[in-house]
Amino acid sequence: MSQTILSVKNLKKTYENGTHALKGVSFDVKKGEFLVIIGLSGSGKSTLLRCINRLHDPTSGEILFYDQDIAKAKGDEVREIRKKIGMIFQHFNLVPRYSVLKNVLMGRLGTMTSVASLLGIFNQKDKEKALDYLKLVGIREKAGLRADNLSGGQQQRVAIARALTQGPDLLLADEPVASLDPATCHVVMDYLKKVNQELGITVICNLHFLSLVRQYATRVIALKGGEIVFQGSPSEISEAWFEKIYGEGAKEVHIN
Amino acid sequence: MKNFNLKSMVFDGITIAFLFLVVIVVVTNPTEEQQLNLSFNASLAGLLFLFSGVISWVLNHFNIRTWGEQIFLPPQKKAVDAEVPLLKTFWGWQALIVLITTFIVGLVKTKFSFYELSNPDGFAGAMRLFQGIFNPDWTLLPKAVLNIIETIFMAFIATALAIPIAFVFSFLAAKNIMKGPVAFPVYLILRTLLNVTRSVEALIWAIIFSVWVGIGPFAGMMALMIHSIASLAKQYSEMVESVNEGPIEGILSTGATRLQMVWFAIVPQVILPYISFTVYRWDINVRMATIIGLVGGGGIGTLLIQYQGQAMWPQVGCIIVVIAVVVWLLDQASAYLREALK
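None of these values were measured; they are calculated from a predicted model.

Student: Any chance you could explain the overall build of chain B here in plain terms?
Tutor: Within chain B, the regular secondary structure consists of 16 helices and 0 strands. Relative to a compact globule of 342 residues, whose C-alpha radius of gyration would be 20 Å, chain B shows 27 Å and is clearly more extended. The dimensions of chain B, computed from C-alpha atoms along their principal axes, are 80 × 70 × 40 Å. When the 342 residues of chain B are sorted by exposure, 32% land in the buried category. Sequence-distant contacts, at least 24 apart, represent 76% of the contacts inside chain B between residues at least 6 apart.

Right under this line is the structure:
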């Protein structure tokens, strides 16, 4: 059995307004897995991912990343962790006015001194690396364009390249295809699969569509009301499980 | 629910107490000494305010809609109201009477008088002034031009020096990035300081600085700069508060520092509006610089007050023409610039 990269233990998150987003979630992630988290909107999927890279602060519980508890890390420790954990978002979260290349280079900020980065001095090696990753996601030729001139699918691929430029061991993807059309969906998911298989980067991905889950996931976790209600391989999700996760009367939709 | 009731009671309290006070003044016709008795009058007003608040509450209690209730009622409650003509409602009459009373009191207080407006002596004096102004003494033109150049540069330097300071303040005064046990108090203190600074008019700052550094363009420039810092920082920080959170998350997730996040995620989003605000501020500062000159801030305003004091109207006319032309030109230029920057 391969090494455990991430181990979440009894993780709880209560927002200031009193919402219990996570009510004690525990699971392990092995190196090289493509873990998909499913669940309704508001089930705690996004909160969970944001607790892992500490964009949100967990209320209690442990998050072991390479056996180091990062749930209570502070300041520079948090930044060190984030360098090893890339993230892509539903709305891509690129800087719209910057060029594609500059957006990808943002992935190097964590390794640069403040002065060099504020002056915009990126070294040649970083630039080559950024261009390589753009090539990997198939948009090398768009490097000089402004990010907001690209289509949604292309912007998401820029976001993947940005995350890869960090040199992460773990990639978090928060609903990466939720604002894309069905055809583009598969393109982006295929690149995530490529990242997972060719670069050996562990992926944790939030998804809505069960058909995508069956196609890409090596393992599935289902969240409902901030708790894990299912853990297993995608083929094990039966009709009964589906209704349990998504509520009575829910119908599965296929996108192709 | 409670909150809306309180607002409505305060509003009715003020408007109804105002009516009571007007009636009392009309009936008792107080002497000047009585009018200056602030503590007695203030307590009377305070008592009437409380009394009127209670009236409002009682009226609301008996389902009579007051003006305050009408204003502060949550929209979802107004939605179910039947259409009633304005003058068949209590609040309609309340509003009408309060507005008409306020207007009449205003006319009395400003001593509005058709008699004075049509007084032949006064009118003749105004005509002499107009004659002077409309026949400008162009021999003063070189001096006026020289002075307005001083004014323009006063405004320019005031704006230029304010930019970097306001730029830094704008992030420190933005609620969305000043979170945490240290940052939030800094935000609160800076916000309060900026609000207080801004509420003091540039004219007052000019008086302060003309005593501090002496009458002249330096005092005027300092006054404008202080005012510009406060105004720009407020406008800038509002832009920072309305930025898209997405890029912030995106940059932070790469392991960037907060400084890098501000520089790469926020600055690109706010830089164009910043420039636009700054151009507009320079435009405002040129106009303000003219006024500030009147209290010893240097530039064209000081020249204006000299000639106005000696009632030399043709010279004043020349200065007014120069000011009008420059202000108009700058106004146009800044409008075109801001349009292009959108």
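Student: Sorry if this is basic, but what is going on with the domain arrangement of chain B here?
Tutor: As a measure of interface size, the accessible area lost when the parts come together is often cited. Partitioning chain B into structural domains gives domain 1 (2-116) and domain 2 (135-341). One C-alpha centre belongs to domain 1 of chain B, the other to domain 2 of chain B; they are set 39 Å apart.

Student: For this particular structure, what's the right way to read the pairing of strand β7 (residues 170-173) of chain A?
Tutor: Put simply, side chains in a regular strand alternate between the two faces of the sheet. Residues and elements named next belong to chain A. A two-sided burial pattern is seen for β7, the buried positions comprising Leu-170 and Leu-172 on one face and Leu-171 and Ala-173 on the other. Here strand β6 (residues 85-88) pairs with β7 via 4 bridges, running parallel. Within the sheet, the bridge partner assigned to Ile-88 lies in β7 and is Ala-173. Bridge analysis of β7 against strand β8 (residues 202-207) gives 4 bridges, and the strand direction is parallel. Paired with Leu-170 across the bridge in β8 is Thr-202. Taken together, β7, helix α7 (residues 182-198) and β8 form a β-α-β motif whose crossover is right-handed.

Student: Is there a simple way to explain the interface of chain A and chain B in this structure?
Tutor: Opposite the 22 residues of chain A that make contact, chain B presents 17 residues. Of all the secondary structure elements, the ones that give two or more residues to the side of chain A that touches chain B are α2 (75-84) and α4 (114-118) of chain A. The class makeup of the residues in the side of chain A that touches chain B is 9 nonpolar, 8 polar and 5 charged.

Student: How should the sheet that holds strand β9 (residues 219-224) of chain A be read in this particular structure?
Tutor: Two orientations exist for strands paired in a sheet by backbone hydrogen bonds: parallel and antiparallel. All names here are of chain A. Strand order across the open sheet formed by 6 strands is β6-β7-β8-β3-β9-β10, with mixed pairing between neighbours. Pairing within the sheet leaves two strands with one partner each, and these edge strands are β6 and β10 (227-232). In this sheet, neighbouring strand axes are inclined to one another by 20 degrees on average, regardless of whether the strands run parallel or antiparallel. Pairing analysis gives 5 bridges linking β9 to β10, with the strands arranged antiparallel. Its bridge partner lying in β10, Ala-222 is registered against Phe-230.

Student: I keep staring at the environment of Asp67(A) and nothing clicks. Help me out?
Tutor: Counting through the fold element by element, Asp67(A) comes out in the loop between β4 (60-65) and β5 (68-69). Considered as a pair, Asp67(A) and Gln90(A) are 23 residues apart in the sequence and their alpha carbons are 29 Å apart.

Student: Please explain the nonpolar core as it appears in this structure.
Tutor: Generally speaking, soluble globular proteins have nonpolar side chains that are buried together. Membership of the largest hydrophobic core comes to 136 residues, with the highest contact counts inside it found for Val104(A), Val203(A), Ala223(B) and Leu224(B). No other element matches the 15 residues that helix α14 (residues 258-297) of chain B contributes to this core. Here Ala223(B) is in contact with Ala202(B), Trp205(B), Ala206(B), Phe209(B), Ile292(B) and Gly297(B), once residues within four sequence places are set aside.

Student: Explanation requested: the environment of Ser39(B) in the structure shown.
Tutor: Residue and element names in this part refer to chain B. Along the polypeptide, Ser-39 turns up in helix α3 (residues 38-61). Judged by local crowding, Ser-39 falls into the exposed class, with 7 C-beta atoms found within 10 Å. Residues Ser-39 and Val-213, 174 residues apart in the sequence, show an inter-C-alpha distance of 39 Å.

Cut-offs and rules
- Residues numbered from 1 in each chain as written.
- Chains lettered and ligands numbered in written order.
- Predicted model: local features only at pLDDT ≥ 70, side-chain atom pairs only at ≥ 80, totals over all residues.
- Helix = DSSP H or I, 4+ residues; strand = E, 2+ residues; numbered from the N terminus.
- Rg over C-alpha atoms; globule rule 2.2 N^0.38 Å.
- Buried ≥ 20, exposed ≤ 12 C-beta atoms within 10 Å, placed from the backbone.
- Contact = placed C-beta atoms within 7 Å.
- Domains from an automatic or database assignment.
- Pairing = 2+ DSSP bridges.
- Right-handed = clockwise from strand over helix to strand, strands pointing away.
- Nonpolar A, V, L, I, M, F, W, Y, C, P; charged D, E, K, R; others polar.
- Axes fitted to C-alpha atoms, helices over the stretch in contact; angles between N-to-C directions.
- Core = buried A, V, L, I, M, F, W, Y, C linked by C-beta atoms within 7 Å.

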